[in-house]
Amino acid sequence: MKNKANVVIIGGGIIGCSIAYYLAKYGVEDIVIIEKEYPAAGSTGRCGAGVRHQWGLEMNCLLAKDSIREFERLHEEIPTEFDIQFKQKGYLMLAYSDRVVEQYKKNIALQRSLGIDVKLLSPQEAKEIVPHLNIDGLLAATYCPKDGHINPFLANLVYAIGAQRLGVKIYKYTEVIDVEVLKGRVTAVITTKGKIKTNYLINAAGPYAQFVAKMVGIELPVYSERHQILVTQPVKEIQDPMVISLEYGFYCQQVPHGSFIMGFGDPNELKGTDISSTANFLEEMAHKVIPVLPVLKNIKVLRQWAGLYNMTPDAQPILGNTEEVENFYLANGFSGHGFMIAPAVAKLTAKMITNKPLDIDIKVLSLKRFKEGRLIREPSVV
Ligand code: FAD
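Conventions we followed
Residues numbered from 1 in each chain as written. Predicted model: local features only at pLDDT ≥ 70, side-chain atom pairs only at ≥ 80, totals over all residues. Heavy atoms only, no water. 1 Å grid on protein atoms, 1.4 Å probe; cavity = no way out; pocket = protein on both sides within 12 Å on 5 of 7 lines; lining within 4 Å. Points joined across faces, edges and corners; volume = space filled by probe spheres on them. Helix = DSSP H or I, 4+ residues; strand = E, 2+ residues; numbered from the N terminus. Nonpolar A, V, L, I, M, F, W, Y, C, P; charged D, E, K, R; others polar. Near = heavy atom within 4 Å. Polar contact = N/O pair within 3.5 Å; in protein donor to acceptor, adjacent residues only side chain to side chain. Contact = heavy atoms within 4.5 Å. Domains from an automatic or database assignment. Buried area = accessible area lost by both parts, 1.4 Å probe. Salt bridge = Lys/Arg side-chain N within 4 Å of Asp/Glu carboxyl O. Buried < 20%, exposed > 50% of the residue type's maximum accessible area, 1.4 Å probe, protein only. UniProt positions renumbered as here; feature names shortened; annotations may be inferred. Core = buried A, V, L, I, M, F, W, Y, C linked by side-chain atoms within 4.5 Å. Arc of directions from axis to C-beta. Expected span 1.5 Å × (residues − 1).

- Per an unreviewed UniProt entry, the protein chain carries the name Sarcosine oxidase subunit beta and comes from Anaerobranca californiensis DSM 14826.

Points about the layout of surface pockets
Then step 1. In this structure, the second largest pocket occupies an estimated 380 Å³ of space.
Then step 2. Gly-45, Pro-152, Phe-153, Ile-261 and Trp-305 are the residues nearest the centre of the second largest pocket, which is lined by 22 residues in total.
Then step 3. Elements with a contribution of two residues or more to the lining of the second largest pocket: helix H2 (43–46), helix H7 (152–165) and strand S16 (301–311).
Then step 4. Considering only residue class, the lining of the second largest pocket consists of 13 nonpolar, seven polar and two charged.

Focus on the site of the ligand
Then step 1. Close contacts around the ligand come from 38 residues, with Glu-35, Ser-43, Thr-44, Gly-50 and Met-340 the closest.
Then step 2. The contact in question runs from an oxygen atom of the ligand to an N or O atom on the backbone of Ala-49, over 3.2 Å.
Then step 3. Interatomic distance of 2.9 Å between a backbone N/O atom of Val-176 and a nitrogen atom of the ligand.
Then step 4. Of all the secondary-structure elements, those providing two or more residues to the shell around the ligand are helix H1 (14–25), H2, strand S12 (223–232) and S16.

What to know about the side chain of Arg-226
Then step 1. Tracing the sequence through the fold places Arg-226 in strand S12.
Then step 2. Looking at Arg-226, its side chain comes within polar contact range of the side chain of Glu-269, at 2.9 Å.
Then step 3. Among the polar contacts made by the side chain of Arg-226, one reaches the main-chain carbonyl oxygen of Ser-276 at a distance of 2.9 Å.
Then step 4. Beyond its immediate sequence surroundings of up to four residues, Arg-226 is in contact with Glu-269, Leu-270, Asp-274, Ile-275, Ser-276, Thr-278, Ala-306, Gly-307 and Leu-308.

Observations concerning the domain arrangement of the protein chain
Then step 1. Partitioning the protein chain into domains gives domain 1 (4–47 + 153–222 + 313–371) and domain 2 (88–146 + 224–311).
Then step 2. Between the C-alpha centres of domain 1 and domain 2 there is a distance of 30 Å.
Then step 3. With 19 residues of domain 1 in contact, the opposing surface of domain 2 contributes 12 residues.
Then step 4. The junction of domain 1 with domain 2 conceals about 1100 Å² of combined surface from both sides, 53% of it contributed by carbon and sulfur atoms.
Then step 5. Ranking the residues of domain 1 by area buried against domain 2 places Arg-46, Pro-207 and Ser-335 at the top, with a combined share of 46%.
Then step 6. Counting across the interface, domain 1 meets domain 2 through zero salt bridges.
Then step 7. Put simply, domain 1 and domain 2 have nine residue pairs in polar contact (both at pLDDT 80 or more) between them.
Then step 8. Those elements that place two or more of their residues in the side of domain 1 that touches domain 2 are H2 and helix H8 (209–216).
Then step 9. Sorting elements by how many residues they give to the side of domain 1 that touches domain 2 places H8 first, with three residues.
Then step 10. Among the residues forming the side of domain 1 that touches domain 2, the class breakdown is 11 nonpolar, seven polar and one charged.

Re the environment of Ile-14
Then step 1. Topologically, Ile-14 is positioned in helix H1.
Then step 2. The exposure class of Ile-14 is buried, given its relative accessible area of 2%.
Then step 3. When the C-alpha atoms of Ile-14 and Gly-42 are compared, they prove to be 9.4 Å apart, with 28 residues separating the residues in sequence.

Description of the pattern of salt bridges
Two side chains carrying opposite charge are able to pair once their charged atoms lie near each other.
Then step 1. What the rule picks out here adds up to 23 salt bridges.
Then step 2. For Asp-240, the salt bridge is made with Lys-89, and the minimal N-O distance between the two is 3.7 Å. One end of the pair, Asp-240, is in the loop between S12 and strand S13 (242–245); the other, Lys-89, is in the loop between helix H4 (74–77) and strand S4 (91–95), with 151 residues separating them in the sequence.
Then step 3. Residue classification places Asp-240 among the partly exposed residues on the basis of a relative accessible area of 34%.

Section: the UniProt feature "transmembrane region" (unreviewed entry) in the protein chain
Then step 1. In the numbering used here, UniProt assigns the "transmembrane region" (unreviewed entry) feature to residues 7–24.
Then step 2. Strand forms 22% of residues 7–24 and helix 61%; the C-alpha atoms that close the span are 10 Å apart.

A few points about the nonpolar core
Then step 1. Core analysis: the largest hydrophobic core is formed by 77 residues, its most contacted members being Ile-9, Ile-15, Leu-23, Ile-31, Phe-71, Ile-84 and Tyr-159.
Then step 2. If you count residues domain by domain, this core takes at least three from each of domain 1 (4–47 + 153–222 + 313–371) and domain 2 (88–146 + 224–311).
Then step 3. In contact with Leu-23, other than residues within four places in its own chain, are Val-7, Ile-9, Val-28, Ile-31, Ile-202, Ala-350, Ile-353 and Thr-354.
Then step 4. Grouped together as the second largest cluster of nonpolar side chains are 26 residues, Ile-34, Val-325, Leu-330 and Leu-367 included.

Overview of H8
Then step 1. Of all the residues in H8, the buried ones are Ala-209, Gln-210, Val-212, Ala-213 and Val-216. End-on view of H8: buried residues confined to an arc of 160°, all on one side of the axis.

Section: helix H3 (residues 58–72)
Then step 1. In this model H3 runs 21 Å from its N-terminal to its C-terminal C-alpha over 15 residues, within 8% of the 21 Å that 1.5 Å per residue would give.
Then step 2. Turning to H3, its buried residues number three or more, namely Met-59, Asn-60, Cys-61, Leu-63, Ala-64, Asp-66, Ser-67, Ile-68, Glu-70 and Phe-71.
Then step 3. Residues of H3 that are buried make contact with H1, strand S3 (50–51), H4, helix H5 (98–113), H7 and helix H10 (342–353).

What follows is the structure in structure tokens.
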């Protein structure tokens, strides 16, 4: 293993690998990714991998829009033998209350002003898109045909390949166990396989970000939270878009090989890094999804698993360097939407480090917003 690098990135998930790719593309040499398991072993490989433009804040719409454009052209950007299976058949977002309908109307006005093709639908129009949708109680829905689903393992892998082609070294099964800091600068990381001196350190450790920050002497206001998810047996293609309900808190999509993947946000989920699965999740999932998509009543569940959200107090990420340790950069706290904004986050992080102008204003995502009480309010988090 090298004992010196210009940039060390901790974490080989979609965030770490895509940041490494863009840094190398912008001309930065001598980059190393340290990954305690293998790329996509963390939240990325465990996620629902839905991608949507439909957000309620301009910054999030722009991050998603730019990222989706990058996913659409990923094969051109990084040609490989792998197809990331981008099924772009839309997200149908359901609204069951006047409050959510009003919010969606505001979201749509914003999204359209940013050039995003999105429509407000009546329940009957929603049913034309998903014929098996039970529209009892439904007031309206929004639909963006360019939203969709990607294979997260392959997207992560393609960025890892792209980074390696540009000279990035990925050390798998190697854990960072400590960080040396001298006079307000990171000087080296200590790993299970030796020490690497470095000029820059990037925390892309996903649900372990708080432990890495602690090694640097920084308390991140984040915690990890278990989220459970399941996959069914494959069946014939019956549902094009991802169906999502903020009120029921669930998402449900049919992936290209025919399986349905679904999960929901449970406010009582375990905090910490436990990723065991529960029978209770299966039962509650069925109670949430079957009234809305009754066709799924007899479908067989093949497998369930769990992964971790890395949560901030406002469920929005923390990006940029820290005041206390200026060569320590954060790309953490992505809650349930870090996969879909990874390409834009990666480009912006690489631009910050290489002092390039930022095309999306992400200053509000700095760590100091929590100290200054400037929390962000994104109304469309599931
Ligand atoms: P990770 O993929 O977890 O990568 C971090 C890596 O760091 C890991 O591989 C880990 O092994 C490594 N690491 C940690 N500590 C160390 C250390 N000390 N030394 C070396 N390596 C270390 N997002 C969406 O956009 N759309 C969705 O539909 C979606 N659905 C989700 C569903 C579920 C059930 C879950 C759990 C998450 C979902 N997410 C979704 C969120 C998304 O998965 C994450 O935001 C995203 O994958 C974060 O990527 P990451 O690279 O930061 O983290």
